Amino acid sequence: QVQLVESGGGLVQAGGSLRLSCAASGNIFSFNAMAWYRQVPGKERELVAGIRNSGTTNYAESVKGRFTISRDNAKNTVYLQMNSLKPEDTAVYYCNARPIEIDYRFKVGYWGQGTQVTVSS
C-alpha cells in the first residue's frame, strides 16, 4: 500500500497562510490524480483541490482564488498553498492518491493520516 505523509498544519490567524505537504512513498505520476480533502465534525469529507498527472487542477468553489495545489513529481510530493485563510477553513486536511479517473465526489485510493489546520478569528 502507498504511504502518504502529511506536514505543515497548525494554528494561524485569519488572513494568514499555510503550506501543506504530502510526501508519497511511490511515484505519484503513476496515479491518475492527487488531491486534498478536508473534514470537520458532523460533516462529510469534501474535496478541497485536485491535480491530475497532466497538471490539470480542480478546486472547491469555497477555496478558489485562495488555495493552490501543485505537485513535484521528482520529489513525489504534493503541496497545498493556503492563503487568505478564514475560520471556516478550520478542518482536518487529508492527502489522497487516486488510481482511477472518477469524479472527486467518490473517495477512492490511498489516504494520509490527516493534519489539523486551525484558523482563529
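Residues numbered from 1 in each chain as written. Predicted model: local features only at pLDDT ≥ 70, side-chain atom pairs only at ≥ 80, totals over all residues. Heavy atoms only, no water.

## With respect to the nonpolar core
So, point 1. M34, W36, L80, M82 and Y93 are the most contacted members of the largest nonpolar core, which totals 29 residues.
So, point 2. At the level of secondary structure, the elements contributing two or more residues to this core comprise β3 (18-24), β4 (33-39), β5 (46-52), β7 (67-72), β8 (77-82), β9 (91-98) and β11 (115-120).
So, point 3. Setting aside residues no more than four positions away along its own chain, Y93 makes contact with E6, L20, W36, Y37, R38, V48, F67, L80, M82, G114, T115 and V117.
So, point 4. Ranked by size, the runner-up nonpolar core spans five residues in total, among them A33, A35, Y37 and L47. (Core = buried A, V, L, I, M, F, W, Y, C linked by side-chain atoms within 4.5 Å. Buried < 20%, exposed > 50% of the residue type's maximum accessible area, 1.4 Å probe, protein only. Helix = DSSP H or I, 4+ residues; strand = E, 2+ residues; numbered from the N terminus. Contact = heavy atoms within 4.5 Å.)

## Re the sheet that holds β7
So, point 1. Here we have four strands laid out as an open sheet, ordered β1-β3-β8-β7, and antiparallel in their pairing. The sheet is open, and its two borders are formed by β1 (4-7) and β7, each paired with just one other strand. The average undirected angle you get between the axes of adjacent strands in this sheet is 15°.
So, point 2. Examined bridge by bridge, β3 and β8 share six bridges and lie antiparallel to one another. Its bridge partner lying in β8, R19 is registered against Q81. (Pairing = 2+ DSSP bridges. Axes fitted to C-alpha atoms, helices over the stretch in contact; angles between N-to-C directions.)

## Overview of the environment of E46
So, point 1. Examined against the element boundaries, E46 turns out to sit in strand β5.
So, point 2. Taking the relative accessible area as the measure of exposure, E46 reaches 28% and is therefore partly exposed.
So, point 3. Counting along the chain gives 57 residues from E46 to D103, while the straight-line C-alpha distance between them is 12 Å.
So, point 4. If we ignore the near neighbours within four places in the chain, the residues touching E46 are W36, Y37 and R38.

## Points about the state of the cysteines
So, point 1. This model, assessed by the stated rule, comprises one disulfide.
So, point 2. C22 shares a disulfide with C95; S-S distance 2.1 Å. Taking the torsion about the sulfur-sulfur bond, which here is approximately -80°, the covalent link between C22 and C95 counts as left-handed. Residue C22 is found in strand β3, and its partner C95 is found in strand β9; the two are separated by 73 residues along the sequence. (Disulfide = S-S within 2.5 Å.)

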